[in-house]
Amino acid sequence: MIEETNDLLAVRRQKLEMLHQLGIDPFGAAFEVSGSIGEVRAAFAEGQRVRIAGRLTAHRDMGKSHFCDLSDATGRLQIYLHPKEMGATAASIFKNTDLGDFLGVEGETFITKTGEPTIRVSELVFLSKAKRPLPDKWHGLSDVERRYRQRYLDLISNEHSRKLFEQRAKIIREIRNFLHQRGFVEVETPMMQPIAGGAAARPFKTHHNALGLDLYLRIAPELFLKRLLVGGCPKIFELNRNFRNEGISRRHNPEFTMLEVYWAYADYEKMAELVEEMICHLAIQIHGSLKFDHRNEEGHLLRTIHLDRPWRRARYCDLIEQVAPGWFSSTPVDRRRRCFELGVEISPEMTDFEVTQQIFEKCVEEKTMDPLFVTHLPKELVPLAKQNREDPSVVDVYELIINGAEISPGYSELNDPEVQRRRLEEQSGGEAHAIDEDFLLALEHGMPPAGGLGVGIDRLVMMLTGAQSIRDIIYFPLLRPREVEVSPSDV
RNA sequence: GGGUUGUUAGCUCAACGGUAGAGCAGCGGCCUUUUAAGCCGUUGGUUCUGGGUUCGAAUCCCAGACAACCCA
């Protein structure tokens, strides 16, 4: 523990002690308000009695008159304090306030001669003491590490950050609205699973004491949602957290939010239509338009995303041929030489289809900003989807790319238990205990043909808001823990 | 895992190897309509940590911690 001794903290502690001596509880009680600060401001008219509560965020001292700002997440409103208006007791309480404290006020509204909506405070109630100072009111908090570690400070001082999280909440709410309107039912399946299936990723391990059972945090809900298809639930979705014990980057957090949707008797093409409609619905709700800009925090334009329908659809092979003509008729040696010419890094142990996939990722995916459904992918890339009837070397799936990243995959789901078993065995590399026999048992009772899709919600939010890092749209991204400083009075 | 960059007052940032500073916040004044209020005065530092080089290190070197970005 690092013990912090600091004048600023000492001053605040003294003021807190003064409040005690005045008989005031510095960590007060409930306070009835007329509405949030944003609501009161929106309904502002002169001569009304209103009550608001919020943090003290600015203090303009004019001698006997004080102009302060009270703020909450919805906005800011000026209050006017004068001993003649609020009385001596309130004035002595006010003397012991600091920026950051929570206050409740009651008073009559008026507009100052500079045109600022203001409350003339007649009653002042102390609601909570901030024992520590808040970040600079003008520059905010720019230290990215502290913005992630102490998100509350980021939210207090950076409006841009607040707005991103509001947009995230709205996107998630509108996804649920959209799917409910189309008759999909939200379900919840286990996050702790005896076998972590449904994707290829390293899981987190945990243990249940009473059952003496090792469990894994799920890497995907897929295999449980398919059990529900067997159980006769025809239109279902789950929108919740997945966990993967892998690296951290601008686009990866170990826990992330995933939407999975399953629709009995549909196929990947119907799922593509569904996801296209859904994302357009979200763009309209967020931006009021299918065209919107990505800007950095200084407001500079980074790019414009166009979601106008219909979205482009293209076969995997055709996309490769466009960036590397003659690719599929050239020899493996030629292909590796082409990679070098195109500046695509490959390693010697890569198989042919992995080399092709590198070309796809670097020359197609990363350069595709507007929506593109990639179809007819080689079956090696997607072992858990149905093979195409006309061309068994490809599978019936789409990969939706927007903003240079994969946003959503959609499959015609495999429902043949024998084929499924073979695929799972190939995937597990011969480790029998890794096969989810319970899932295969369910499939043997009959799963209807179905379409399924997944949407990485964090990447979707990044695409819709223009956030440049996943850490900007997850409240508390995983960081290595740090020593926390402790106040002397708390030790 | 590798490379690059960064870490200085509560916050935002300066400081050629030569006395660690500014703005805001804080504290003390002045001002009864201010808007990043203003004016006068003033407090505040383990320069991320530990070594080293040097007469002298925030600055140069080595190791470490944490973070950001790029690569794998």
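Residues numbered from 1 in each chain as written. Chains lettered and ligands numbered in written order. Predicted model: local features only at pLDDT ≥ 70, side-chain atom pairs only at ≥ 80, totals over all residues. Heavy atoms only, no water.

Caption draft 1: Geometry of the overall build of chain A. For chain A, the count of helices and strands is 14 helices and 20 strands. Seen through its C-alpha atoms, chain A measures out along the principal axes to roughly 85 × 55 × 45 Å. Taking all 491 residues of chain A together, the buried fraction comes to 46%. Here the contacts in chain A between residues at least 6 apart in sequence split such that 64% fall between residues at least 24 apart. Summing over all exposed atoms, chain A offers an accessible surface of approximately 25200 Å²; the carbon and sulfur share of this is 52%. (Helix = DSSP H or I, 4+ residues; strand = E, 2+ residues; numbered from the N terminus. Buried < 20%, exposed > 50% of the residue type's maximum accessible area, 1.4 Å probe, protein only. Contact = heavy atoms within 4.5 Å. Areas by Shrake-Rupley, 256 points an atom, 1.4 Å probe, with all protein chains shown as cover.)

Caption draft 2: Fine view of the layout of surface pockets. The computed volume of the second largest pocket comes to approximately 1100 Å³. Together, 40 residues line the second largest pocket, and T57, K137, I156, S157 and R162 are the ones closest to its centre. Class assignment of the residues belonging to the lining of the second largest pocket gives a composition of 15 nonpolar, twelve polar and 13 charged. The residues that make up the lining of the second largest pocket include at least three from each of domain 1 (2–128) and domain 2 (155–311 + 371–472). (1 Å grid on protein atoms, 1.4 Å probe; cavity = no way out; pocket = protein on both sides within 12 Å on 5 of 7 lines; lining within 4 Å. Points joined across faces, edges and corners; volume = space filled by probe spheres on them. Nonpolar A, V, L, I, M, F, W, Y, C, P; charged D, E, K, R; others polar. Domains from an automatic or database assignment.)

Caption draft 3: Seen up close, the packing of helix 7 (residues 222–230) against helix 13 (residues 437–444). Their axes nearest at 9 Å, the elements helix 7 and helix 13 cross at an angle of 25 degrees. As the angle between them shows, helix 7 and helix 13 are arranged roughly parallel. The chirality of how helix 7 crosses helix 13 is left-handed. Counting all contacts with helix 7, which are made through L223, K226, R227 and V230, the residues of helix 13 involved are D438, F439, A442 and L443. (Axes fitted to C-alpha atoms, helices over the stretch in contact; angles between N-to-C directions. Parallel < 35°, antiparallel > 145°, perpendicular 65-115°, else oblique. Left-handed = near helix turned anticlockwise from the far one by under 90°.)

Caption draft 4: The arrangement of the pattern of salt bridges in detail. If you walk through the whole model with that rule in mind, you get 33 salt bridges. Taking the shortest distance from any N to any O, the salt bridge between E276 and R313 comes out at 3.2 Å. Placement of E276 in helix 8 (residues 268–287) and of R313 in strand 15 (residues 312–315) is noted, with a sequence separation of 37 residues between them. Overall, the relative accessible area of 3% leaves E276 in the buried class. Between E437 and R421 there is a salt bridge, and its shortest N-O distance comes to 2.9 Å. Within this pair, whereas E437 is found in helix 13, its partner R421 is found in helix 12 (residues 417–428), the two being separated by 16 residues in sequence. By relative accessible area, E437 is classed as partly exposed at 41%. Bridged by salt links that share partners, the residues R41, R60, D69, R76 and E116 form one connected network. (Salt bridge = Lys/Arg side-chain N within 4 Å of Asp/Glu carboxyl O.)

Caption draft 5: Inspection of helix 6 (residues 159–181) at higher detail. Here helix 6 contains 23 residues, and its C-alpha end-to-end distance of 32 Å stays within 8% of the 33 Å for a straight helix at 1.5 Å per residue. The set of residues buried in helix 6 consists of S161, L164, F165, Q167, R168, I171, I172, E174, I175, F178 and L179. Residues of helix 6 that are buried make contact with helix 4 (144–149), helix 5 (151–157), strand 11 (235–243), strand 12 (255–264), helix 8 and helix 14 (457–465). Following helix 6 by one or two positions, G183 adopts a phi angle in the positive range, close to 85 degrees. (Expected span 1.5 Å × (residues − 1).)

Caption draft 6: Quick peek at the sheet that holds strand 3 (residues 66–72). Ordered in space as 2-3-4-6-5, the five strands form a closed barrel in which the pairing is mixed. In this sheet, adjacent strand axes meet at a mean angle of 55 degrees when their direction is disregarded. In the sheet, strand 4 (residues 75–81) pairs with strand 6 (residues 117–128) via three bridges, with the strands oriented parallel. Bridged to Q78 within strand 6 is T118. (Pairing = 2+ DSSP bridges.)

Caption draft 7: Geometry of the domain arrangement of chain A. Assigned domains within chain A: domain 1 (2–128) and domain 2 (155–311 + 371–472). Averaged C-alpha coordinates put domain 1 and domain 2 at centres separated by 47 Å.

Caption draft 8: Quick look at the protein's contact with RNA strand B. Neighbouring RNA strand B are 44 residues, the closest being K113, K137, E145, R146 and R480. A share of 65% is what sugar and phosphate atoms reach among the atoms of RNA strand B within 4 Å of the protein. Separating a base nitrogen of RNA strand B from a side-chain N or O atom of H82 is a distance of 3.2 Å. Between RNA strand B and R250 there is a distance of 3.2 Å, counted from a phosphate oxygen to a side-chain nitrogen or oxygen. Only helix 1 (7–21), strand 2 (49–61), strand 4 and helix 4 provide two or more residues apiece to the surface near RNA strand B. The greatest single-element share of the surface near RNA strand B, amounting to five residues, is contributed by helix 4. A class-by-class count of the residues in the surface near RNA strand B yields 13 nonpolar, ten polar and 21 charged. (Near = heavy atom within 4 Å. Polar contact = N/O pair within 3.5 Å; in protein donor to acceptor, adjacent residues only side chain to side chain.)

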